[in-house]
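The residues making up each chain are set out below.
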Amino acid sequence: MTQSQTPAPAAPQPPAAPEVFKNRIFAIKTTSKQERTVADNILKAIETKATDVKVTAIIVPNELQGYVLVETPEKMNRVEQLVELIAHARSVIKGETSLAEVGHFLIPKPVVSGIEEGTIVELIAGPFKGEKAVVKRVDSAKEEITVELYESVVPIPITVRGDNVRVVEKFSDR
């Protein structure tokens with residue numbers, strides 16, 4: 001046998017690239033006011049190995065009542081199997097959504113958004129709890145508002161956090 005006839009050693013092959021899953025986002029319809037319960041039950045089912053459905057993320061946006069968003073590499077029929085196990089989960093909305101469509105739910109909105117000068121609010125915490133007040137100034141950077149009590153004899157400005165008030169009446173051009 002000549003040297004040219006010996007088989008050449010095989011060139012080293014690069015390792016195979018790991019399989020990349022394309023995550024999908026599905027909307028699960030829930031019983032009204034049970035969104036958080038459904039999310040907790042999905043998490044519990046995954047942790048206790050009650051299901052083998054893989055879930056990457058669960059999103060419960062406040063603005064989207066009656067729905068829970070689930071990110072998963074699984075297909076829709078597998079998510080439907082998961083929904084059958086979960087109390088208060090009704091169905092999976094046909095089709096999938098993208099991160100671009102639900103991304104705005106992931107960005108927190110400022111607490112004082114929607115509150116402007118002249119708005120009538122009710123204080124829901126602190127020593128003046130239950131009192132109505134008129135907004136005099138809004139500080140978006142600190143998420144604080146300055147109010148004056150509505151039925152006060154002497155107008156005293158009080159600065160409170162934006163999450164300590166509930167809007168009673170929006171300011172309108174009168």
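Since the model is a prediction, treat every value here as computed from it, not as a measurement.

Parameters and conventions
- Residues numbered from 1 in each chain as written.
- Predicted model: local features only at pLDDT ≥ 70, side-chain atom pairs only at ≥ 80, totals over all residues.
- Heavy atoms only, no water.
- Helix = DSSP H or I, 4+ residues; strand = E, 2+ residues; numbered from the N terminus.
- Buried < 20%, exposed > 50% of the residue type's maximum accessible area, 1.4 Å probe, protein only.
- Contact = heavy atoms within 4.5 Å.
- Polar contact = N/O pair within 3.5 Å; in protein donor to acceptor, adjacent residues only side chain to side chain.
- Pairing = 2+ DSSP bridges.
- Salt bridge = Lys/Arg side-chain N within 4 Å of Asp/Glu carboxyl O.

Caption draft 1: Here's a closer look at the overall build of the protein. Helix and strand counts for the protein stand at three helices and nine strands. N-terminal to C-terminal, the α/β element order of the protein is β-α-β-β-α-β-α-β-β-β-β-β. Within the protein, the proportion of its 174 residues that are buried is 29%. In the protein, once contacts between residues fewer than 6 apart in sequence are set aside, the share between residues at least 24 apart is 57%.

Caption draft 2: Main features of the side chain of Thr72. With respect to the element layout, Thr72 can be found in strand E3 (residues 67-72). At 2.4 Å, the side chain of Thr72 forms a polar contact with the backbone oxygen of Lys54.

Caption draft 3: View of the pairing of strand E6 (residues 132-139). Sheet analysis places strand E5 (residues 120-123) next to E6, joined by three bridges and oriented antiparallel. Directly across from Val121, in E6, lies its bridge partner Ala133. Between E6 and strand E7 (residues 144-149), which follow one another and run antiparallel, lie four residues, and Glu143 among them has a positive phi close to 55°.

Caption draft 4: The arrangement of the pattern of salt bridges in detail. Taken as a whole and assessed by the stated rule, the structure comprises seven salt bridges. The residue Glu122 makes a salt bridge to Arg166 at a minimum N-O spacing of 2.2 Å. Taken as a pair, Glu122 in strand E5 and Arg166 in strand E9 (residues 165-169) lie far apart in primary sequence, 44 residues in all. By relative accessible area, which is 43% here, Arg166 ends up partly exposed. Within this structure, Asp52, Glu74 and Arg78 form a network of salt bridges that share partners.

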